[in-house]
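Structure assessment
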Amino acid sequence: MRRLTILSLLGLLLQIGVVSGTRAQSVGELFVSMPDSLIPILPDSTLRADLLKSPGETLTNPFGGEVKVLSETEGTLRLALDSSTELELGLLSYKKHNYICLIATSTIVPAQSVVAFYDTEWHRMQEPLLEVPDAELFLTDRESNGVKSALAEQGHLHWVVSFDKDNPELLTLRITSYDNQTAHSLRPEIREKLHPVQMRWKRGRYVLYNN
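This text gives an overview of the structure that appears in the document. (Residues numbered from 1 in each chain as written. Predicted model: local features only at pLDDT ≥ 70, side-chain atom pairs only at ≥ 80, totals over all residues. Heavy atoms only, no water.)

1. With respect to the pattern of salt bridges
Our working rule: Salt bridges are identified by distance alone: a Lys or Arg side-chain nitrogen within 4 Å of an Asp or Glu carboxyl oxygen. Every helix listed is a DSSP run of H or I at least four residues long, and every strand listed is a run of E at least two residues long, numbered separately from the N terminus. Each residue is assigned to one of three classes by its accessible area relative to the maximum for its type, calculated with a 1.4 Å probe on protein chains only: buried under 20%, partly exposed between the two thresholds, exposed over 50%.
For the structure on display, the rule yields five salt bridges. Among the salt bridges present, the one from Arg-48 reaches Asp-36, with a minimum N-O distance of 3.5 Å. Pair noted here: Arg-48 is in helix 3 (residues 45–53) and Asp-36 is in the loop between helix 2 (27–33) and helix 3, with a separation of twelve residues, a long-range link. Where Arg-205 meets Glu-127, a salt bridge forms, and the shortest distance between an N and an O atom there is 2.4 Å. Residue Arg-205 is found in strand 10 (residues 205–208), and its partner Glu-127 is found in the loop between strand 6 (112–119) and helix 4 (145–154); the two are separated by 78 residues along the sequence. Taking relative accessible area as the criterion, Arg-205 reaches 29% and is therefore assigned partly exposed.

2. Quick notes on the environment of Tyr-209
Threshold: Contact criterion: two residues are considered in contact whenever any of their non-hydrogen atoms come within 4.5 Å of each other.
Structurally, Tyr-209 is set in the segment after strand 10. Tyr-209 gets classed as partly exposed once you look at its relative accessible area, which sits at 44%. Distance from Tyr-209 to Gln-198, taken between C-alpha atoms, is 5.5 Å for residues eleven residues apart in sequence. Aside from chain neighbours lying at most four places away, what touches Tyr-209 is Leu-170, Gln-198, Met-199 and Arg-200.

3. Some remarks on the sheet that holds strand 6
This is how the line gets drawn: Strands qualify as paired when DSSP identifies two bridges or more between them. For helices, the fitted axis covers only the stretch in contact; all axes are lines through C-alpha atoms, and the angles between them, taken along N-to-C directions, range from 0 to 180 degrees.
Pairing is antiparallel across the open sheet formed by six strands, whose spatial order is 1-2-3-4-5-6. The strands lining the two open edges of the sheet, one partner per strand, are strand 1 (59–60) and strand 6. Bridge count for strand 5 (residues 97–106) against strand 6 is eight bridges, and the pairing is antiparallel. Along strand 6, the bridge assignment pairs Ile-100 with Tyr-118. Together, strand 1, strand 2 (66–72) and strand 3 (76–82) form the strand contacts of helix 3, whose direction differs from that of strand 2 by roughly 50°.

4. A few points about the sheet that holds strand 8 (residues 167–175)
Spatially, 7-8-9-10 is the arrangement adopted by the four strands of the open sheet, whose pairing is antiparallel. The two strands at the open ends of the sheet, each matched to only one other strand, are strand 7 (159–164) and strand 10. Going from strand to strand, the sheet's axes swing by 30° on average, the running direction of each strand aside.

Structure follows, in structure tokens:
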């Protein structure tokens, strides 16, 4: 009886180990399990699963737009949700915890990104894990008062962010306000004096790459 009990317990522990081992989800699995409310343009989890099974193939979302996987790695997933919307997911780790960085980008000029962070159960992180650097850090010449004034005139700046080389621990940010034809025609010199800024995942948040 004692032997059977021990064997039963060992069997149960093995089963628990198998279940625990399956908890580590890939970025693709997390995309499929995403709450429908977070992705109203693609609210069908079955369609999301089908999309991952057919990389490069174009499917149609419920609104008639074309959806396809643009790239997928072990830690990142990038999709086109329609002709003017892209979505990126990146899987990050810190102190044995996993986080999801979700980047939604409207490519309509001037392009604009929205970034949010979640745990792997899709609970939104309340603490900001990314803060956009000061505008002057995007300048090739930080002493140019004219360029600083031009940026200040814009008020709210548009910017885009993406994973650098499909690495979720590296981000590239770029100001897009002067991609607009009108803004560029008024201040054509500005765009040439702006450069991207890189950030890296460090100690549970994104910081400037040179920190």
